Amino acid sequence: MCGSSTARLWLPTLAPEYDTADAGDELPADWADAAAAVACGRASRILVLGPADVGKTSFCRAMVRAVAPLRTIAVLDADVGQKMIGPPACVTLGRGEPDGRLTLTALAFVGTIDPVRGWTCVVAALPVLAEEADVGVTLVNTGGLLSGPGRRLKEAKIERLQPDLLIMLGDHPVLEALAGAYSSLPCLRLSVSPQARRKSDAERRRARGDAFRRYFDGAMTWTAEANELLKQDASARIPLRLLVGLRDERARDIGVGIVADIDASSERLRLLTPVLQHRVHSTCPGELVLDSKFREARICPDSIRISKN
Ligand SMILES: Nc1ncnc2c1ncn2[C@@H]1O[C@H](COP(=O)(O)OP(=O)(O)OP(=O)(O)O)[C@@H](O)[C@H]1O
Ligand SMILES: [Mg+2]
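Read on for a plain summary of the structure. In this text, all values refer to a predicted model and were calculated from it rather than measured experimentally.

Conventions we followed
- Residues numbered from 1 in each chain as written.
- Chains lettered and ligands numbered in written order.
- Predicted model: local features only at pLDDT ≥ 70, side-chain atom pairs only at ≥ 80, totals over all residues.
- Heavy atoms only, no water.
- Helix = DSSP H or I, 4+ residues; strand = E, 2+ residues; numbered from the N terminus.
- Expected span 1.5 Å × (residues − 1).
- Contact = heavy atoms within 4.5 Å.
- Core = buried A, V, L, I, M, F, W, Y, C linked by side-chain atoms within 4.5 Å.
- Buried < 20%, exposed > 50% of the residue type's maximum accessible area, 1.4 Å probe, protein only.
- Pairing = 2+ DSSP bridges.
- Near = heavy atom within 4 Å.
- Polar contact = N/O pair within 3.5 Å; in protein donor to acceptor, adjacent residues only side chain to side chain.
- Areas by Shrake-Rupley, 256 points an atom, 1.4 Å probe, with all protein chains shown as cover.
- Nonpolar A, V, L, I, M, F, W, Y, C, P; charged D, E, K, R; others polar.
- Disulfide = S-S within 2.5 Å.
- Axes fitted to C-alpha atoms, helices over the stretch in contact; angles between N-to-C directions.
- Parallel < 35°, antiparallel > 145°, perpendicular 65-115°, else oblique.
- Left-handed = near helix turned anticlockwise from the far one by under 90°.

An ideal rise of 1.5 Å per residue puts 22 Å on 16 residues; helix 6 (residues 201-216) measures up with 23 Å between its terminal C-alpha atoms. Among the structural elements, strand 10 (242-247), strand 11 (253-263), strand 12 (268-273), strand 13 (282-290) and strand 14 (296-299) are those in contact with the buried residues of helix 6. Looking one or two places after helix 6, you find Gly218, whose phi comes out positive at around 80 degrees.

Here's what the structure looks like:
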């Protein structure tokens, strides 16, 4: 993807609502204090950082439930793998409802679940979606990659987003370094929930499959002229079941689809997606091929041009 504008007011998704109730009943005291401070305070763009599995997503859920009755809040989910809201391989935006649920309202297609390969798209999407959120508080959830390229990726996120509060969960040398490098930014350091536990690779893969399945639940297939939709020669090799981003006539990302069939002779393409056909103007290939149960079958890095940074 990349390069597309993402502003739109309505995302045609069949199951747009996401619960936040599994944030746990017994929150660490400092989490509850942080949520109360945000609910009654003025911070408007909050970036949540921390290593893997410390409870960043659980904290964001708890924050939405605490803040939503008092201030308008949105979650900008910058983690392209372990999604809090919407499909993987996308940066997503969810509007908090007063009862604490989140409604998926916008997304930017990244095309990969690898934050380093998707770097450019992820970082470019953040200010656009944050602007679009147009609420009192935008809470930005991130993935747990801090080491190696992770540090530079987090710096890029801070610089593009210009948050007015950093919230850091857990301990990690890169968190210390970021707190030092951005010492003019207010920073809340929070403990790791005693209930936080490590997710295995298999659990992570399963969670991505569940997130895709949920997005595609009730999706329909429709057929279109391949050349027109792909904006390239239909005979070019597009693997079956490739995940593609869908754009409207103004090149705004409005959803994702799966290539269900390509008939090179008739130059027709069948697409599985919850997005209605008349809204889709073009597609943008990702690198993930999903099986019939929406699990990752393989990665086709050649089908997508994702720049590293
Ligand atoms: N306060 C909590 N109550 C209940 N479960 C929790 C809590 N905090 C974390 N967990 C559990 O610990 C695991 C890791 O939490 P979570 O997914 O929120 O961490 P994360 O930092 O967002 O992970 P990632 O780096 O993958 O994004 C999850 O299974 C989650 O359900
Ligand atoms: Mg998370």
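Back to the text.
As a further point, take the nonpolar core. With 34 residues, the main nonpolar core has Phe216, Leu243 and Leu271 as its most contacted residues. For Phe216, the contacting residues outside a window of four places in its chain are Leu243, Val256, Gly257, Ile258, Leu272, Thr273, Pro274 and Phe294. Core analysis: the next-biggest nonpolar cluster, separate from the first, contains 29 residues, Leu49, Ala130, Leu166 and Tyr182 among them.

This brings us to the pairing of strand 11. In this structure, strand 10 lies alongside strand 11, joined through five bridges in antiparallel fashion. In the sheet register, Leu246 faces strand 11, and the bridge partner there is Gly255. Here strand 10 hands over to strand 11 after five residues, with Ala251 in that stretch at a positive phi of 60 degrees. Count of turn residues in the strand 11/strand 12 antiparallel hairpin: four residues, of which Glu267 carries a positive phi of about 55 degrees.

Our focus in this paragraph is the environment of Ala66. You can see Ala66 is positioned in helix 2 (residues 56-67). Residue classification places Ala66 among the partly exposed positions, given a relative accessible area of 33%.

What follows concerns the site of ligand 1. Taken together, 19 residues lie near ligand 1, and Lys56, Thr57, Ser58, Lys199 and Arg204 sit nearest. In this structure, an oxygen atom belonging to ligand 1 sits 3.0 Å away from a main-chain N or O atom of Gly55. Measuring from an oxygen atom of ligand 1, one finds a side-chain N or O atom of Lys199 at 2.8 Å. Coverage of ligand 1 by the protein chains reaches 87% of its 620 Å² of free accessible surface. Looking at the shell around ligand 1, the element that brings in the most residues is helix 2, giving three residues. Tallied by class, residues from the shell around ligand 1 come to five nonpolar, eight polar and six charged.

Taken as a whole and judged by the stated rule, the model has zero disulfides. Cysteine Cys284 remains unbridged, with the sulfur of Cys121 as its closest cysteine sulfur at 7.6 Å.

Where helix 1 (residues 29-40) meets helix 2, the closest approach of the two axes is 9 Å, and the angle between their N-to-C directions is 45 degrees. One element, helix 1, and the other, helix 2, form an angle in the oblique class. Crossing handedness for the pair helix 1 and helix 2: right-handed. Residues Trp31, Ala34, Ala35, Val38 and Ala39 of helix 1 pack against Ser58, Phe59, Met63, Ala66 and Val67 of helix 2. Residues of the contact of helix 1 with helix 2, tallied by class, amount to nine nonpolar, one polar and no charged.

So yeah, pure geometry; function would need other evidence.
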